[in-house]
Amino acid sequence: HDGPISIPEDFTVQGHLSIERCSGPIRFSAKMRVEHIIRVYQCASFDGFTRDIACSKLLISECPNFKYLPTFDKTASYDIDINDCRGLTQIIDPIMTGGDVYILRCDNLASLPNNSSMRSLNLNDCAALSSLPANMFTRSLYITGCRNLIGKNSEDWCRIYSAKHTNEVAIL
């Protein structure tokens, strides 16, 4: 799709919403609800969400200008999967979910928000990430190929090892 895509106000989808290979801007309305998965794939001009959304899983893949995560209902459990989004440099708002968070090959991601809580955090090939957030609560942490994190023996690791509810840490 080459033109702009606008999702209307109070938009609800009973299943999945998938937006793929769009070159025009995408604007999500307020109060958008998707029962299961929101997937945005290979949308060059998609820069993120300016509104709150509700879904059980958010997949953002190969969107080079993606910068902004939506705000989610803090009482809901949802999964987030972001990969190959080089425009993502930081996540500002705390991630509060009972689900899993996967951030893969986001080369320019330099920081994660403090006071975040999730079931597991999986970081893979995030080259610019050089520290971990304060007050992060997760049961499992997996770090692979994040060259600025691997090999650190700083206060970051003390924070993670002493974090409440962290049962498993894998650094490869």
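Residues numbered from 1 in each chain as written. Predicted model: local features only at pLDDT ≥ 70, side-chain atom pairs only at ≥ 80, totals over all residues. Heavy atoms only, no water.

Q: Help me understand the overall build of the protein chain in this model?
A: When helices and strands are tallied, the protein chain shows one helix and 13 strands. The N-to-C order of helical and strand elements in the protein chain reads β-β-β-β-β-β-β-β-β-β-β-β-α-β. Classification of the 172 residues of the protein chain by burial places 45% in the buried group. For the protein chain, restricting intrachain contacts to residue pairs at least 6 apart in sequence, the fraction spanning at least 24 positions comes to 10%. (Helix = DSSP H or I, 4+ residues; strand = E, 2+ residues; numbered from the N terminus. Buried < 20%, exposed > 50% of the residue type's maximum accessible area, 1.4 Å probe, protein only. Contact = heavy atoms within 4.5 Å.)

Q: Looking at this structure, how should I read the pattern of salt bridges?
A: Side chains that differ in sign of charge can pair as their charged atoms come close. Applying the stated criterion to the full structure yields seven salt bridges. The residue Glu20 makes a salt bridge to Arg21 at a minimum N-O spacing of 3.2 Å. For Glu20, a relative accessible area of 33% corresponds to the partly exposed category. Between Arg39 and Glu20 there is a salt bridge; the shortest N-O distance is 2.5 Å. Highlighted residues: Arg39 in strand β6 (residues 37-41) and Glu20 in strand β3 (residues 17-20), separated in sequence by 19 residues. By relative accessible area, which is 26% here, Arg39 ends up partly exposed. Where salt bridges share partners, they join Asp84, Arg86, Arg105 and Asp107 into one cluster. (Salt bridge = Lys/Arg side-chain N within 4 Å of Asp/Glu carboxyl O.)

Q: Help me understand the pairing of strand β8 (residues 57-61), please; the structure alone is not making it clear to me.
A: One face of the sheet, then the other: side chains in a regular strand alternate in exactly this way. Of all five residues in β8, four are buried; the element is thus mostly enclosed. Pairing analysis gives five bridges linking β6 to β8, with the strands arranged parallel. Bridge pairing in β8 places Arg39 opposite Leu59. Bridge analysis of β8 against strand β9 (residues 79-83) gives five bridges, and the strand direction is parallel. From the neighbouring strand, Ile60 faces β9, where its bridge partner is Ile82. (Pairing = 2+ DSSP bridges.)

Q: What exactly am I supposed to notice about the nonpolar core here?
A: One broad trend across soluble globular proteins is that nonpolar side chains are buried collectively. Phe46, Leu58, Ile60, Phe66, Ile103 and Leu123 are the most contacted members of the largest nonpolar core, which totals 42 residues. Contributing elements (two or more residues each) for this core: β3, β6, β8, β9, β10 (100-104), β11 (117-124) and β12 (137-144). (Core = buried A, V, L, I, M, F, W, Y, C linked by side-chain atoms within 4.5 Å.)

Q: In this structure, what is going on with the environment of Ala128? I would like to understand it.
A: When you line up the elements, Ala128 lands in the loop between β11 and β12. Taking the C-alpha atoms as reference points, Ala128 and Cys106, separated by 22 residues in sequence, lie 8.4 Å from one another. Residue contacts for Ala128: discarding those within four places in its chain leaves Asp107, Asn108, Leu109, Ala110 and Asn148.

Q: Which parts of the structure should I look at to understand the layout of surface pockets?
A: Taking a probe equal in size to a water molecule and rolling it over the atoms shows the remaining empty space. Its volume calculated, the largest pocket comes out at about 300 Å³. If you trace the largest pocket, you find 19 residues lining it, with Tyr68, Leu69, Ile91, Ile92 and Asp93 closest to the centre. Class assignment for the residues of the lining of the largest pocket results in 13 nonpolar, three polar and three charged. (1 Å grid on protein atoms, 1.4 Å probe; cavity = no way out; pocket = protein on both sides within 12 Å on 5 of 7 lines; lining within 4 Å. Points joined across faces, edges and corners; volume = space filled by probe spheres on them. Nonpolar A, V, L, I, M, F, W, Y, C, P; charged D, E, K, R; others polar.)

Q: I keep staring at the environment of Leu112 and nothing clicks. Help me out?
A: In this structure, Leu112 sits in the loop between β10 and β11. Exposure remark for Leu112: the relative accessible area of 12% places this residue in the buried category. Residues Leu112 and Pro133 lie 21 residues apart in sequence; the distance between their C-alpha atoms is 5.8 Å. Once residues lying within four places of it in the same chain are set aside, the contact partners of Leu112 are Ile91, Ile103, Leu121, Leu123, Leu129 and Pro133.

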